Number of protein chains: 4
Amino acid sequence: MKTVFACLALLGCAILSGSARDPVTRARTPVHIPDLPGYVTLKCDFHTHTVFSDGLVWPTVRAEEAWREGLDALAITDHLEYLPHKADLGTNHNRAHDLARTNANDLDLLLVRGSEITRKMPPGHLNAIFLTNSTLLAVSNWQDSVQAAVGQGAFVFWNHPGWEAQITNNRVLWYPEHTALLEQGQLHGIEVVNSRDYYPEAHRWAIEHKLALFANSDIHNPLNLDYHVHNGDHRPMTLVFARKRTPESLREALFARRTAAYSGSRLVGDEAFLHPLFTQSIQIKNARFPLKGRQRVFVQILNNSDIPYELERAGELDTVTFPKELTLAPGKYVLLEVKGKGTKTKGKKSLALPYKVANLLIAPETPLAITLDLEVTFTP
Amino acid sequence: MKTVFACLALLGCAILSGSARDPVTRARTPVHIPDLPGYVTLKCDFHTHTVFSDGLVWPTVRAEEAWREGLDALAITDHLEYLPHKADLGTNHNRAHDLARTNANDLDLLLVRGSEITRKMPPGHLNAIFLTNSTLLAVSNWQDSVQAAVGQGAFVFWNHPGWEAQITNNRVLWYPEHTALLEQGQLHGIEVVNSRDYYPEAHRWAIEHKLALFANSDIHNPLNLDYHVHNGDHRPMTLVFARKRTPESLREALFARRTAAYSGSRLVGDEAFLHPLFTQSIQIKNARFPLKGRQRVFVQILNNSDIPYELERAGELDTVTFPKELTLAPGKYVLLEVKGKGTKTKGKKSLALPYKVANLLIAPETPLAITLDLEVTFTP
Amino acid sequence: MKTVFACLALLGCAILSGSARDPVTRARTPVHIPDLPGYVTLKCDFHTHTVFSDGLVWPTVRAEEAWREGLDALAITDHLEYLPHKADLGTNHNRAHDLARTNANDLDLLLVRGSEITRKMPPGHLNAIFLTNSTLLAVSNWQDSVQAAVGQGAFVFWNHPGWEAQITNNRVLWYPEHTALLEQGQLHGIEVVNSRDYYPEAHRWAIEHKLALFANSDIHNPLNLDYHVHNGDHRPMTLVFARKRTPESLREALFARRTAAYSGSRLVGDEAFLHPLFTQSIQIKNARFPLKGRQRVFVQILNNSDIPYELERAGELDTVTFPKELTLAPGKYVLLEVKGKGTKTKGKKSLALPYKVANLLIAPETPLAITLDLEVTFTP
Amino acid sequence: MKTVFACLALLGCAILSGSARDPVTRARTPVHIPDLPGYVTLKCDFHTHTVFSDGLVWPTVRAEEAWREGLDALAITDHLEYLPHKADLGTNHNRAHDLARTNANDLDLLLVRGSEITRKMPPGHLNAIFLTNSTLLAVSNWQDSVQAAVGQGAFVFWNHPGWEAQITNNRVLWYPEHTALLEQGQLHGIEVVNSRDYYPEAHRWAIEHKLALFANSDIHNPLNLDYHVHNGDHRPMTLVFARKRTPESLREALFARRTAAYSGSRLVGDEAFLHPLFTQSIQIKNARFPLKGRQRVFVQILNNSDIPYELERAGELDTVTFPKELTLAPGKYVLLEVKGKGTKTKGKKSLALPYKVANLLIAPETPLAITLDLEVTFTP
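Nothing here was measured: the structure is a model prediction, and the numbers come from that model.

### Topic: the overall build of chain A
Scanning chain A from terminus to terminus reveals 9 helices and 21 strands. For chain A, the spread of C-alpha atoms along the principal axes amounts to about 85 × 60 × 35 Å. Scored against the burial criterion, the 380 residues of chain A give a buried share of 48%. Taking as baseline every contact in chain A between residues at least 6 positions apart, the subset at least 24 positions apart corresponds to 64%.

Following this line, the structure appears as structure tokens:
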């Protein structure tokens, strides 16, 4: 009854939407991840499904969900080959995108046309985005399909390389077919995260082959059936560091591989992006202070992002002790307890407390190294 | 990727569902509302939409949502006349129900075939449920449509009589057409609650005309976009007091008008149902105790239901004081502070503390009256 | 075991604190309320109790709670006259403040020395803050007690004037004693909110007599037993618009009565503060847009504060329609649907959409008036 | 202001408690853990502190918190030797218990007198509970202190044996002093969990030396500062399987070592208790069903407890497949997908699906083995 009906010729033209103050406000929750110098951080999901393939929602719902969950850009990427609702909905591969367009425009979302080329391994499933016409990809030979995408200027990435249904003997494999795609300039990115799964092997390949990293939801259900978004369980997202919030900038940034993969509390990407992202996130309230003898000082650190940085001490200092572990809780101040070692040090010193951020991975099993920088004036 | 694919002839037959332990368990949350003596309390929603009219989810989603939210019975009631997705999905009025059937069976849900006869006022919108063939209702004259429903043994109720789009000068009106339906035995129930709106006028008519009371969601969106179910914001539901959990018993109970309307913290229905429902919900842990002079005793009351009973004192007693207001929090024990008035009363007395339950309405603006029964042994 | 023990002579000196990564991080949650031009908004509670009168926590807990809940300033104001723990803790009226001092310093809290002069009505209970020595107030005549406070430069305010235990025939009364205090310059403020209660009468007096407005917790329990702070149920707080975050500025601002009272979703204060506070809180993302005929545009409004502004339309415009009600959810974007009326208007127009903010009170029953300002370029 | 004042001679006798309907109801949340046949499961915390040693709350708060968090029994066990508030509160070792007594009685809590004998290692910290007079334990020699406790019929257990402040080279050690205590019948239990830490070594010793297992909070702060109890982060508790809910039964059960240690999602105890506790917790809704060929059936399992049982498949069956992992979410139904293997099996068969419960430990690294029992009627 809340649907805003258009005028119904059959019924007369008086049906309007309701207007009571609803306890569940239709609202967009911003994702707090800082911009990097020179770039805006766009939050994106480039892999979603609707009733037009094997998904379970009408295309407009994907735009609504994306808006509410703070995304900037979205691609609907229904399967070209797997169409279980075909009997009801036919095979128009452009239709889902076209239906979501008005809603996306109203909500100021960047909606990117996409399709999922859905084959057995190799090459497995490939997403093509920034298409102009999905129908041209619906051909029997998968190489022709990729060719048709690239011919439209599309960006192509490999989906869920570690999907257990497509791996052999529990091993994720890179096939000659992938090498071929790469060499022909037809493979530009790879999902290192699909839904809740992270694939270290894909992460390695991304680094080795200079592929853009992706974290996508691959959502089929209504989003809230799979993610408890009201309770902080955010959908996976691909962060894109773009010059502007436009489709052109988004595309340029993807081809320039300026992305990171954000899923749960894990953030995966190049040090060149993750390091400034971390430093832009935090703010040390009292970084300068005097310290006498074995005095204890509580440094207050504010984390302005939504990411809970899990710090682990990565070295010692001669002059002070500091915590072995510290979680910088999202949106909060936490206390870093610094204690003098009672040395003879005297005067103003710059201290760089060495930490690793356990949940920020610049390569598989390789956490980002950072320092917390203080300026301490010592009195023995 | 979590969708359980059937075998895909095109791709080979190796695609399986994922298996990682997911933080969001697919689970059913029971609705805690007690059974009444001789009956089981079935939680039902008889008004929902899918992509097959103006809803936004595939029919199976309605079954999944109903199972997760603890419902026992569900009707998909797509509009017969308002079909904005007709260009994509055609006009098969039975299709949504048929598609949801397997899922409903797997999940042990009672799925009832329904349709919404969608006309301007009068008669407004009418739901017909327990249909055998929705197609027969798609005729131009609405009376013929109702006739076709009743001819199938259907139960017919009036939807959202207070919908602002169909009311005149801010007044909810009962038309001669409704009297006619009633006299012909073609109107059996009425929504006193639709989504978040309660209509006192409809409540009055239900009592006057002996219509079964309904609270339905009329949901078009994915449920979780409109209700924060993970945070206790439950969907509206019609409680049906049935002899057994079967379609036949459900139907019998509806025609016998053994229902109540449950929405937010409000429960609307006959005293004959609400009174035992309240008493079956609560348990007084220490109802018998000695009391000396002006002593204070804390009686612990457990509310086993999900409904927060909001008690308001409805009288005084000579011997003890007791709280003016008390909320019996769902699933919890609360304290009822009873204090002696220091009278000369002596020996064992049965006390009936008079209260009204502000959120249980047996008629518009008429809360249910109850007593909290104690047995106190007085010493002056 | 998590307590950081100092060296225990009796036991040897090996006892240290634990170090495991705890799921409950010790953290400060900032209160998001914007600064006003030229001022910083300090969040304060000037009425709290500890075990040193009838409270139930050690004084350091009040500092810890205040830090965690985002306060800038705190006063512990134990009763001078009501000391139910006297047998165990004696009657040192300065002790609670002195014990909390180190913790407050470590956490960078402004801790203000205070006491509650606790008498029957009139004058009821009075808080004196910015004391130097509470002991001097412990005298039998209440006027002498106030005199002793004022002699120390204290700021004096009337606590919970509407407390039901101290009102007569359900009426809150202003006594000649209050007039006397006022005329002698010994009454500077008044609680318009105490714990969860708002007193409209006190609000009226505050305006009439130019008293600073206060909202204080008057907390006796551990804070979290009375407020579900992890679930958004914030403690009441007095907002002070100070030039700097120092004790001197805080005191200056109080005497200059630059305060507002914040409790639940209600904010009470002068228009001079509430109006800029509102405008600094919100950000209209797309305030400029073209509009053709009866087109519909969704304006996105971000509320950067923690306060859910409840807008109610306070007028109409000739050119466009806009919502009757809109809640600007805290920290979120919501949609303001603007629709052309299809008039012949042409060209760029500044539109000021008139609203009242129902939960911002500049006087009893007088909501703040604001406008949402757009620049629309019309095409017929 | 919500404190219920007694009559204050100084002020007159009119001060009463407030009465507004408070959004935060004072309520007890039951802990749902089933009783075992012949026993009631008492939820207990035998290690807590107050201001009378190094804790930070008044003793009555411990009773209030215990009642709200669903405990049946509580011991306040302030240190005998470590008294940082001595200057304010003196050294009456019985005082905390005595002050909490009225509140505990009002709330129907079993309050057990206790003290913590607080020494360096060996023997470390020992709790003595079921004391009659704590003062007699305040002697310089720790053996004399234990003797004084045992002489009162006390139950003595070793606290946090794995506390990092009292371990050597990262190893938890059993000293000759512990053997001596054991041989003299003066050591009856051991904490395998203290606050959030589980000590596998202590678990091994408990089994080897037939000591009762404990999980205690050792809480010093207000409980809610360390546990987010409103969000499901429960305090650790010792489950005691007693014949009745009386102090005598509680004591008998402890000496008979009928306990288990419950912390987070982990439950530690003997198979003799954990096995029936699991089976009493769950209910298989549709355990009997027909199965044809490779048909798939969804068995619904309800977990009536608060413990999320984490099942891991521990074997295979010839006739059906079933999930590798399944979390039985607390208070919910989950789906166990059973699929026929298409064998020639025919007729009614009892199937016992073998699982381990990963979070129920009957010994270190030894999860409880259980079966899910079905009765399947096969048709090929």
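Once you've had a look at it, read on.
### Considerations on the domain arrangement of chain A
Residue and element names in this part refer to chain A. The domain boundaries assigned to chain A delineate domain 1 (32–269) and domain 2 (282–379). Just the C-alpha atoms count here: the centres of domain 1 and domain 2 sit 38 Å apart. Domain 1 puts 11 residues into the contact, and the matching count from domain 2 is 10 residues. With 4 residues, helix α6 (residues 200–209) is the single largest residue contributor to the side of domain 1 that touches domain 2. Each residue belonging to the side of domain 1 that touches domain 2 can be placed in one class, and the counts come to 6 nonpolar, 3 polar and 2 charged.

### Concerning the confidence of the model for chain A
Residue and element names in this part refer to chain A. Here chain A shows a mean pLDDT of 93. Residues at 70 or above account for 94%. In the predicted structure, residues 1–21 sits below a pLDDT of 50 and forms 37 contacts with residues beyond four places in sequence or in another chain. If you check the scores for this complex, the pTM reads 0.94 and the ipTM reads 0.92.

### Considering helix α9 (residues 271–281) of chain B
For α9 of chain B, the full list of buried residues reads F273, L274, L277 and F278 of chain B. Along the axis of α9 of chain B, the buried residues cluster in a sector spanning 125 degrees; they form a single face.

### Let's talk about the arrangement of the chains
The two units chain B and chain C never meet; even their closest C-alpha atoms stay 11 Å apart. The least C-alpha distance between chain A and chain D, which are not in contact, is 11 Å.

### Section: the environment of A260 of chain A
Relative to the assigned elements, A260 of chain A resides in strand β11 (residues 259–263). Not counting residues within four places of it along the chain, the set of residues in contact with A260 of chain A comprises L213, L239, L267, V268, G269, F273 and L274 of chain A.

### A closer look at the environment of A253 of chain A
All names here are of chain A. Considering the arrangement of structural elements, one finds A253 in helix α8 (residues 247–255). For A253, a count of 22 C-beta atoms within 10 Å gives the class buried. Considering only alpha carbons, one finds A253 and D233, 20 residues apart in sequence, at a separation of 27 Å. Excluding anything up to four places from it in sequence, A253 contacts V240, F241, A242 and R258.

### Quick word on the pairing of strand β15 (residues 296–303) of chain D
All names here are of chain D. Two elements, strand β13 (residues 282–284) and β15, share 3 bridges in a ladder whose sense is antiparallel. The residue of β15 that forms the bridge with Q283 is L302. With 7 bridges connecting them, β15 and strand β19 (residues 333–340) associate as antiparallel partners. Residue V297 lies in a different strand from β19, and its bridge partner there is V338.

### Considerations on unusual backbone geometry
Note that the residue after P122 of chain B, namely P123 of chain B, is joined by a cis bond; omega there is 5 degrees. By the element assignment, P123 of chain B lies in the loop between β4 (110–118) and β5 (125–129). Positioned with a positive phi, D218 of chain A is a non-glycine residue whose angle comes to about 50 degrees. Note that D218 of chain A resides in the loop between β9 (212–216) and α7 (223–226). The phi dihedral of R257 of chain C falls on the positive side, at around 50 degrees, and the residue is not glycine. Inspection of the secondary structure puts R257 of chain C in the loop between α8 (247–255) and β11 (259–263).

### Re the packing of helix α1 (residues 59–68) of chain D against helix α3 (residues 95–106) of chain D
The description of two helices packed together rests on the angle between their axes and the distance between the axes. All names here are of chain D. Relative orientation of the contacting elements α1 and α3 amounts to 40 degrees, with a least axis distance of 7 Å. Compared by their axis directions, α1 and α3 come out oblique. Between α1 and α3 lies a crossing of right-handed hand. Packed against α1, whose contacting residues are P59, T60, R62, A63 and E64, the element α3 presents A96, L99, A100, N103 and A104 at the interface.

### Quick notes on the pairing of strand β19 (residues 333–340) of chain B
Note that strand β17 (residues 320–321) of chain B and β19 of chain B share 2 bridges and pair antiparallel. Residue pairing across strands places V320 of chain B opposite G340 of chain B, the latter belonging to β19 of chain B. The sheet contact formed by β19 of chain B and strand β1 (residues 27–28) of chain D spans 2 bridges and is antiparallel. Its bridge partner being in β1 of chain D, V334 of chain B is matched across the sheet by A27 of chain D.

### Concerning the environment of R245 of chain C
Residue and element names in this part refer to chain C. Position of R245 relative to the elements: it lies in the loop between β10 (237–242) and α8. Between the C-alpha atoms of R245 and L42, which are 203 residues apart in sequence, the distance is 7.2 Å. Residue contacts for R245: discarding those within four places in its chain leaves V40, L42 and D72.

Definitions and limits used
Residues numbered from 1 in each chain as written. Chains lettered and ligands numbered in written order. Predicted model: local features only at pLDDT ≥ 70, side-chain atom pairs only at ≥ 80, totals over all residues. Helix = DSSP H or I, 4+ residues; strand = E, 2+ residues; numbered from the N terminus. Buried ≥ 20, exposed ≤ 12 C-beta atoms within 10 Å, placed from the backbone. Contact = placed C-beta atoms within 7 Å. Domains from an automatic or database assignment. Nonpolar A, V, L, I, M, F, W, Y, C, P; charged D, E, K, R; others polar. pLDDT = per-residue confidence, 0-100. Arc of directions from axis to C-beta. Pairing = 2+ DSSP bridges. Axes fitted to C-alpha atoms, helices over the stretch in contact; angles between N-to-C directions. Parallel < 35°, antiparallel > 145°, perpendicular 65-115°, else oblique. Left-handed = near helix turned anticlockwise from the far one by under 90°.

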